[in-house]
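# Descriptive structure summary
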Amino acid sequence: DVNDVIVKHLRLLKSGGRVVVIIHNFRGVNGLLLRLFQKNILLLHNTHIMAIAEFARLFEDKKLKKQYCSYYGAFNFGLFGVRKGSPLRFLLRFCNILQAPMNMLFRLSIGDRAHSNGLFCPYLIYIGEKT
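All figures in this text were calculated on a predicted structure; none of them were measured in a lab. (Residues numbered from 1 in each chain as written. Predicted model: local features only at pLDDT ≥ 70, side-chain atom pairs only at ≥ 80, totals over all residues. Heavy atoms only, no water.)

This part takes up the nonpolar core. Counting 31 residues, the largest nonpolar core has Phe55, Phe59 and Phe80 as its most contacted members. Those elements that place two or more of their residues in this core are helix H1 (2-11), strand S1 (18-24), helix H2 (28-42), helix H3 (52-57), strand S2 (64-72), helix H4 (88-97) and strand S3 (123-130). (Core = buried A, V, L, I, M, F, W, Y, C linked by side-chain atoms within 4.5 Å. Buried < 20%, exposed > 50% of the residue type's maximum accessible area, 1.4 Å probe, protein only. Helix = DSSP H or I, 4+ residues; strand = E, 2+ residues; numbered from the N terminus.)

Right under this line is the structure:
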């Protein structure tokens, strides 16, 4: 139960303390690639809360002042792995070689939005201050 986990974290905070919660974003391109490379890992996650509106809703009514809530990070093939001996390891290795040119293309095409784009970003971050 995600709500119970958040409540337990907040019990550790004094008034004015900050909570930082970071989760993977396995929606968008990340979800498609995880389905290809490690479907078993994808099945272990609650992808419903990986939509920004749902993620933010987890912290509502928790006596928190939101300071930041967004997708974060640049797309990275390093997020994925494959089982030992998988024929997909060659594809993933090739994708990792393409990482640097892809980073340049992302930066040139979508600029600073590359780090807050739910389609490609690997993480969601919430930062809040306990009131």
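Strand pairing in a sheet is mediated by backbone hydrogen bonds. Such pairs are either parallel or antiparallel. Ordered by their spatial adjacency, three strands build an open sheet running S1-S3-S2, and the pairing between neighbours is antiparallel. The open sheet is flanked by S1 and S2, the only strands paired with a single partner. Neighbouring strand axes in the sheet, compared pairwise and without regard to direction, differ in orientation by 10° on average. In terms of strand pairing, S2 meets S3 through eight bridges, oriented antiparallel. Note on S3: the bridge partner recorded for Lys66 is Gly128. (Pairing = 2+ DSSP bridges. Axes fitted to C-alpha atoms, helices over the stretch in contact; angles between N-to-C directions.)

The next thing to look at is the side chain of Ser86. With respect to the helices, strands and loops of the structure, Ser86 is situated in the loop between S2 and H4. Reaching out from Ser86, the side chain makes a polar contact with the backbone nitrogen of Leu88 at a distance of 3.1 Å. (Polar contact = N/O pair within 3.5 Å; in protein donor to acceptor, adjacent residues only side chain to side chain.)

Negative phi values dominate among residues other than glycine, just as trans dominates among peptide bonds. One non-glycine residue, Asp61, adopts positive backbone phi at about 60°. Looking at the element boundaries, Asp61 is found in the loop between H3 and S2. Residue class for Asp61 comes out exposed when judged on its relative accessible area of 81%. Of note, Lys63 is a non-glycine position whose phi angle comes to about 60°, a positive value. By the element assignment, Lys63 lies in the loop between H3 and S2.

Turning our eyes to something else, we now look at the confidence of the model for the chain. Of the residues in the chain, 96% have a pLDDT of 70 or more, and the chain-wide mean is 90. Mean pLDDT across the elements of the chain ranges from a minimum in helix H5 (residues 99-110), with 82, to a maximum in S3, with 96. (pLDDT = per-residue confidence, 0-100.)

We now examine the layout of surface pockets. If a probe the size of a water molecule is rolled over the atoms, the empty space left behind becomes visible. Looking at the largest pocket, its volume works out to about 200 Å³. Around the largest pocket, the lining is made up of 13 residues, and of these Val2, Val21, Ile23, Ile49 and Phe55 lie nearest the centre. For the lining of the largest pocket, the elements supplying multiple residues, two or more each, are H1 and S1. The element best represented in the lining of the largest pocket is H1, accounting for four residues. Of the residues assigned to the lining of the largest pocket, the class counts are nine nonpolar, four polar and no charged. (1 Å grid on protein atoms, 1.4 Å probe; cavity = no way out; pocket = protein on both sides within 12 Å on 5 of 7 lines; lining within 4 Å. Points joined across faces, edges and corners; volume = space filled by probe spheres on them. Nonpolar A, V, L, I, M, F, W, Y, C, P; charged D, E, K, R; others polar.)

Attention now goes to the pattern of salt bridges. By the definition in use, this model includes two salt bridges. The salt bridge partner of Arg18 is Glu129, with a shortest N-O separation of 3.8 Å. Separated by 111 residues along the polypeptide, Arg18 in strand S1 and Glu129 in strand S3 bring together distant segments of the chain. Residue classification places Glu129 among the partly exposed positions, given a relative accessible area of 23%. Between Arg57 and Glu54 there is a salt bridge whose closest N-O contact spans 2.8 Å. A residue pair is termed a helical-turn pair when its members lie 3 or 4 positions apart in one helix, as Arg57 and Glu54 do in helix H3 at three residues. Taking relative accessible area as the criterion, Arg57 reaches 43% and is therefore assigned partly exposed. (Salt bridge = Lys/Arg side-chain N within 4 Å of Asp/Glu carboxyl O.)

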